Structures are given as structure tokens and as C-alpha cells.
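# Analysis of the macromolecular model
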Amino acid sequence: MRASETESSESARQALAGFCDSYWPPLYTFLRHRGYPSPDAQDLVQSFFAYLLKQNSLIRANRQKGRLRTFLLGSLENFLFNEYDRARALKRGGGRQMVSIEEHLPDAEAAMLATSHLSDAGCYDFVWASNIVSRAWQQLQNEFVAEGKAEWLEELKPFVAGGRVKPPNQEEAAARLGVPIATLRTWLSRLRQRYRESLRMEVARTVSDPADIDQELQYLYRILMRMG
């Protein structure tokens, strides 16, 4: 195999791994909300991924210019209707594990419990949104670690990432970092901008048409605000 073909194959493998990591949690949580026991939900998601790969469904989704979030949920429901008996026999994608279950299972189970009051589709959307946020922040964290700024990123995270906990006092944070309050506020402004850009990049990976990015971002914000 030529070097270019090897690189192309490795790139495709990494893209598939990233896709599976991104969408295993919401798909698994959706199935758990539907009442499937955890082992069956694990089997079905792995088999669903294997089915998508075999059918080249992701390529078709890209050509159809749609949102991957809605495409996958509809495809999973069709898969359950048409492929359930065969999927049970496949057992985790026919023996080929498409994603590391152990890595995602605890968080997915916790999300399932935390969203028990939502509909199946509502739970799927919330876990999708939460996963986008988590991946965006992780990417940002990787960048700041590489820049040697991990310490102040951790200090400023409560001001940017949101959540139910009230953020600390800005003056106290500036004192801990040993910078003037004006400097802290400049850092916060820049960090919020970079975080928005990171979120946008993650959302862009879930749509085939760049024109859909802003609409998906707005939908993500609405989901998080309802749950916040």
C-alpha cells in the first residue's frame, strides 16, 4: 500500500472513531430511555454503527445535506424496526467493537438518570448537546495546555463554562492569578471568544451544510438553557 493510501486509511479510521465517540452516548441513552436494558442497548448501538459503516450511510447523509443529529436518530429508529432480530444476533457489531464502551458507559448511565423526566428524543438531544460542549471544552483545554496556560484556564473555567454553581468573585480570581482585574477581564473576553469558536467547530462536524451551523448552535443553546 502506498504512503498516501495508508494516510488516507488512517484518516478515515480516525474520523470513524471520532464519530463513534461523539454519538455513542446520545444513541445509547436514547435506547435506555426506550426501556432497553444496558447490555441490549450496548449491543444495538455497536450493531447500528456496524450497519452504518456497511451501508455507507454516513456518505449518503453528507450528500443529502442534512443534520447528522436528526439523521442518526431517524436511522436508529428505522434500524430498530427493521433490524432488531438481526442486531441481537450480531452482538456488539458482529464481534467488532466500534467504540470503547467502558470509557463512555458511566457518564451515559448518569445522563440517563439525570434526564429521566425528558422524552426519549429530548434525552437524546440533551446528551448530544452535552457531548458537543464537553468535546469543545476538551479541545480548548488541549490548546491551552500546549500554550502553557492550563493553570489560568482552570481558574477561569467557572466564568465561561457555566453550570449551576455560581462563579467565583472576579477580584478574588485575579488575586489568585496575580494579575490586575482589568487583565482578568481581558482574558475572560478572549477565552469566551475562543470557547465559542471551539463550539462552532464541533457543531460544524455534525452538519453537512455550513449554512446549518448557526441554526444548530442556537438549538444547542436552547437545550442547555432549558436544562440549566
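Presented here is a report on the structure given in the accompanying data block. Sequence order as written defines the numbering, with residues in each chain counted from 1. Predicted model: local features are reported for residues with pLDDT of at least 70 only, side-chain atom pairs are reported and counted for 80 or more only, and whole-chain, interface and lining totals are derived from all residues. Only heavy atoms go into the side-chain values, all of them from the structure, while hydrogens and water stay out.

### Regarding the packing of helix α6 (residues 120-146) against helix α7 (residues 150-160)
Short version of the rule: Here an axis means a line fitted to C-alpha atoms, over the contact stretch when the element is a helix, while the angle between two N-to-C directions is reported on a 0 to 180 degree scale. To qualify as a helix, a DSSP run of H or I must reach at least 4 residues; to qualify as a strand, a run of E must reach at least 2; elements of each kind are numbered from the N terminus. Here is the rule for angles: anything less than 35 degrees is roughly parallel, anything more than 145 is roughly antiparallel, 65 through 115 is roughly perpendicular, and the remaining ranges are oblique. The sense of a crossing depends on the near helix, which, turned anticlockwise from the far helix by less than a right angle, makes the crossing left-handed and, turned clockwise, makes it right-handed. Here, two residues are considered to be in contact whenever any of their heavy atoms come within 4.5 Å of each other. Residues are grouped as follows: Ala, Val, Leu, Ile, Met, Phe, Trp, Tyr, Cys and Pro are nonpolar; Asp, Glu, Lys and Arg are charged; all remaining types, including Gly, are polar.
The contact between α6 and α7 brings their axes to 9 Å, and the two run at 150°. Our classification of the angle between α6 and α7 gives roughly antiparallel. Like other packed secondary-structure pairs, α6 and α7 cross with a definite hand, here right-handed. Contact with α6, carried on its side by Trp 137, Leu 140, Gln 141, Phe 144 and Val 145, involves Ala 150, Trp 152, Leu 153, Glu 154, Lys 157 and Val 160 of α7 and no other residues of that element. Looking at side-chain class alone, the contact of α6 with α7 contains eight nonpolar, one polar and two charged residues.

### So, the nonpolar core
We apply this condition: Grouping buried Ala, Val, Leu, Ile, Met, Phe, Trp, Tyr and Cys residues that are joined through side-chain atoms within 4.5 Å yields what is termed a nonpolar core. Burial status follows relative accessibility: with a 1.4 Å probe on protein chains alone, a residue under 20% of its type maximum counts as buried, one over 50% as exposed, and anything between as partly exposed.
Ranked by internal contacts, the top residues of the largest apolar core, which has 52 residues, are Tyr 23, Leu 31 and Phe 49. Contributing elements (two or more residues each) for this core: α1 (3-33), α2 (38-55), α4 (68-90), α6, α7, α8 (170-177), α9 (181-204) and α10 (213-227). Broken down by element, the residue count for this core peaks at ten residues, all from α6.

### Quick notes on the pattern of salt bridges
Quick note on the threshold: The term salt bridge refers to a pairing of a side-chain nitrogen on Lys or Arg with a carboxyl oxygen on Asp or Glu at a separation within 4 Å.
For the structure shown, the criterion picks out twelve salt bridges. Note that Arg 194 and Glu 147 form a salt bridge whose closest N and O atoms lie 3.0 Å from each other. One end of the pair, Arg 194, is in helix α9; the other, Glu 147, is in the loop between α6 and α7, with 47 residues separating them in the sequence. Judged by its relative accessible area of 24%, Arg 194 falls in the partly exposed class. If you follow the salt bridges from partner to partner, you end up with Glu 143, Glu 147, Lys 149 and Arg 194 in one network.

### With respect to α9
Our working rule: The span you would expect from a helix comes to 1.5 Å times its residue count less one.
With 24 residues, α9 extends 34 Å between its outermost C-alpha atoms, agreeing within 8% with the 34 Å of an ideal straight helix rising 1.5 Å per residue. Listed as buried for α9 are Leu 184, Leu 188, Leu 191, Tyr 195, Ser 198, Leu 199, Glu 202 and Val 203.

### Considering the environment of Pro 168
Locating Pro 168 in the fold gives a position in the loop between α7 and α8. Considering only alpha carbons, one finds Pro 168 and Glu 155, 13 residues apart in sequence, at a separation of 9.3 Å.

### Some words on the packing of aromatic side chains
Put simply, the rule is: Working definition: rings of Phe, Tyr and Trp (its six-membered ring) pair if their centres are within 6.5 Å, and the pair is stacked with planes under 30 degrees apart, edge-to-face with planes over 60 apart, and tilted otherwise. In this scheme, Lys NZ or Arg CZ marks a charge over a ring once it lies within 6 Å of the ring centre and within 35 degrees of the ring normal.
With the rule as written, the count across this model stands at eight aromatic pairs. Taken together, a centroid distance of 6.3 Å and an interplanar angle of 80° make the contact between Phe 30 and Tyr 124 edge-to-face. With a gap of 94 residues between them, Phe 30 in helix α1 and Tyr 124 in helix α6 connect regions that are remote in the sequence. Put simply, the rings of Phe 48, Phe 49, Tyr 51 and Phe 79 pair up and form one aromatic cluster. Positioned over the ring face of Trp 128 is Arg 69, at 5.1 Å from the centre of the ring.

### Thoughts on α6
Across its 27 residues, α6 extends 39 Å between first and last C-alpha, which sits within 8% of the 39 Å expected from 1.5 Å per residue. One or two residues past the end of α6 sits Gly 148, with phi positive at roughly 75°.

### Thoughts on the packing of α7 against α8
Close contact between α7 and α8 brings their axes to 10 Å; oriented N to C, the two are set at 175°. Between α7 and α8, the crossing angle belongs to the class labelled roughly antiparallel. Of the residues in α8, those touching α7 at Trp 152, Glu 155, Leu 156 and Phe 159 are Gln 170, Ala 173, Arg 176 and Leu 177. For the contact of α7 with α8, the residue count by class is five nonpolar, one polar and two charged.

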